[in-house]
Amino acid sequence: MAANTSGKPRFLHYVIHTILLLVRHFMFFSRKAKPATQKVAAILATYFSVDVEDTLPWCAFTHPDNESAGISVTLPFCIATQLDALKQTVLEQLESKFDASKLTFKHKVASGETEVAPVTNIKNIIAVASGKGGVGKSTTSINLAFALMQEGAKVGILDADIYGPSIPIMLGNPEAHPESEDNKHMQPLSAHGLVANSIGYLVPQEDAAVWRGPMASRALKQLLDETLWPVLDYLIVDMPPGTGDIQLTMAQQVPLTASVVVTTPQDLALADAQKGISMFEKVNVPVLGLIENMSYYQCRACGTKDYVFAKDGGEALAERHGLPLLGQLPLDIHIREHGDAGTPLLITSPDSPLSESYREAARALSMQLALTVKPREGAAKHIKGDPIGIVGKA
């Protein structure tokens, strides 16, 4: 009698089917879902055109023991005016529905590493320099300072142009003088929320500062060290033009975190700007990028752009040195008018396209510093807290 083998294929099929189910079951439960923080980090990496390794440290669960409590993103740079748009972009790109109230953004600017010991309360000192005069460096410095402030940073400005201080005029307080309670330290002045100090507040406008290089350098160092600065994310230093004693003093004796070089597109200015870049490179001060000032003049009647000082010279110089072009600012009468009147452009006309141009450059500067300068190791012991009493107007 033939053996009954009809049950064997069915049994074999059943065994294979059971094994496949077990394998799928095991894979399903062993596969970890990607944490929401990684998803947010990936979106931020694409948004800012950086690596995910850069953005992962920015993202954390609000409560580590409760992932459903939400995600907190701490940016190491300041972009306050863009946070709503950024949050909306992240929410739209998250695969699953995410409660908007559980996604929060804030910023925390680190103190950048420097070769020289830091100044009390100042996290980062940024030199705004040019190889020659007449390119609008001081105007760019003051407007960058206000732009950074509008992006959420705590900002101060130091007028390092000993021979031609112009910051007091641009802030509208040329007659003001810093006060001192102990005859050793000065309180910085405040104008429109920006703290400042300048040799122009100490020497009468009609008096010329006829100082040799070493004396001028010592005066500048004293101005920086003996001012009771509040806690600042950035101190913008309006450097004198050129690459002489004062510039070398700033680069070698002052804890400069980084520098920005201002130029116009014309060849004469570019040749001198290149010298400025080389000076900072030789003294190991990072150059964050270039700002091309007076890039074009735009006719208000017809909108035509005229490239008065040539075109794209700053972009070519930036590419040659492997640096970002942080901004291209127009030649506009309003910039000059606000500077002369002491009514800062970004305070009186914050919604103008001109103001947005400066904020765009400020955001690029802040982000470039965060991504290229190593944070200071250990606790920032030089951050002592705000001193009492800053003279000036809000």
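Rules and cut-offs
- Residues numbered from 1 in each chain as written.
- Predicted model: local features only at pLDDT ≥ 70, side-chain atom pairs only at ≥ 80, totals over all residues.
- Heavy atoms only, no water.
- Core = buried A, V, L, I, M, F, W, Y, C linked by side-chain atoms within 4.5 Å.
- Buried < 20%, exposed > 50% of the residue type's maximum accessible area, 1.4 Å probe, protein only.
- Salt bridge = Lys/Arg side-chain N within 4 Å of Asp/Glu carboxyl O.
- Helix = DSSP H or I, 4+ residues; strand = E, 2+ residues; numbered from the N terminus.
- 1 Å grid on protein atoms, 1.4 Å probe; cavity = no way out; pocket = protein on both sides within 12 Å on 5 of 7 lines; lining within 4 Å.
- Points joined across faces, edges and corners; volume = space filled by probe spheres on them.
- Nonpolar A, V, L, I, M, F, W, Y, C, P; charged D, E, K, R; others polar.
- pLDDT = per-residue confidence, 0-100.
- Contact = heavy atoms within 4.5 Å.
- Axes fitted to C-alpha atoms, helices over the stretch in contact; angles between N-to-C directions.
- Parallel < 35°, antiparallel > 145°, perpendicular 65-115°, else oblique.
- Left-handed = near helix turned anticlockwise from the far one by under 90°.

Q: Any details on the nonpolar core? Residues and values, ideally.
A: Judged by nonpolar contacts, the single largest core of 42 residues is most densely connected at Ile 142, Leu 171, Leu 194, Tyr 234, Ile 236 and Ile 291. Core analysis: the second largest hydrophobic core is formed by 37 residues, Trp 229, Ile 246, Val 285 and Val 287 among them.

Q: Lay out the pattern of salt bridges with the relevant residues and their values.
A: Enumeration according to the criterion identifies ten salt bridges in this entry. The partner of Asp 272 in a salt bridge is Lys 275, with the nearest N and O atoms 3.7 Å apart. Pair noted here: Asp 272 and Lys 275 are both in helix H9 (residues 267-282), with a separation of three residues, about one helical turn. We note a salt bridge from Asp 340 to Arg 336, for which the minimum N-O separation is 3.2 Å. With a gap of four residues between them, Asp 340 and Arg 336 both fall in helix H11 (residues 333-341), about one helical turn apart. Asp 340 sits in the exposed class, given a relative accessible area of 51%. Under the relative-accessibility criterion, Arg 336 is labelled partly exposed at 46%.

Q: Mind laying out empty space enclosed by the protein, listing which residues take part and the relevant values?
A: A water-sized probe, rolled over the atoms, reveals where empty space remains. Applying the stated criterion across every chain, the model contains three cavities of 30 Å³ or more. Considering only enclosed or pocket space, the largest cavity measures out at about 60 Å³ in volume. For the largest cavity, the full set of lining residues is Thr 139, Ile 142, Asn 143, Met 170, Ile 335, His 338, Gly 339, Pro 344 and Leu 345. Broken down by secondary-structure element, the contributors of at least two residues to the lining of the largest cavity are helix H5 (137-150) and H11.

Q: How would you explain the layout of surface pockets if you had to name every residue and give the values?
A: Space inside the largest pocket adds up to approximately 280 Å³. If you trace the largest pocket, you find 15 residues lining it, with Gln 298, Pro 330, Asp 332, Pro 353 and Leu 354 closest to the centre. Among the elements of the structure, strand S11 (297-298) and helix H13 (353-372) are those that each provide at least two residues to the lining of the largest pocket. Of all the elements, H13 adds the most residues to the lining of the largest pocket, at three residues. A per-class count over the lining of the largest pocket returns eight nonpolar, five polar and two charged.

Q: Which residues make up the confidence of the model for the protein chain, and what values go with them?
A: The predicted model of the protein chain has a mean per-residue pLDDT of 87, with 88% of residues at 70 or higher. Across residues 1-5, confidence stays below pLDDT 50; counting only partners more than four residues off in sequence or on other chains, it has zero contacts. pLDDT under 50 marks residues 25-32. Its contacts with residues more than four places away, or in other chains, come to zero contacts.

Q: Explain the environment of Asn 121 residue by residue, including any values.
A: Relative to the helices and strands, Asn 121 is located in the loop between strand S3 (103-107) and strand S4 (125-129). Considering only alpha carbons, one finds Asn 121 and Lys 381, 260 residues apart in sequence, at a separation of 9.0 Å. In contact with Asn 121, other than residues within four places in its own chain, are Trp 229, Pro 230, Val 231, Leu 232, His 382, Ile 383, Lys 384, Gly 385 and Pro 387.

Q: Help me get a handle on the packing of H9 against helix H10 (residues 313-321), residues and values and all.
A: Packed helix pairs are specified by the crossing angle of their axes together with the interaxial distance, meaning the distance between the axes. Contact geometry for H9 and H10: axes closest at 11 Å, N-to-C directions at 30 degrees. Here H10 runs roughly parallel to H9, going by the angle between their axes. H9 and H10 meet at a crossing whose hand is right-handed. Each of Leu 270, Ala 273, Gln 274, Ile 277 and Glu 281 in H9 lies in contact with H10, whose residues at this interface are Gly 313, Gly 314, Leu 317, Arg 320 and His 321. Of the residues in the contact of H9 with H10, the class split is four nonpolar, four polar and two charged.

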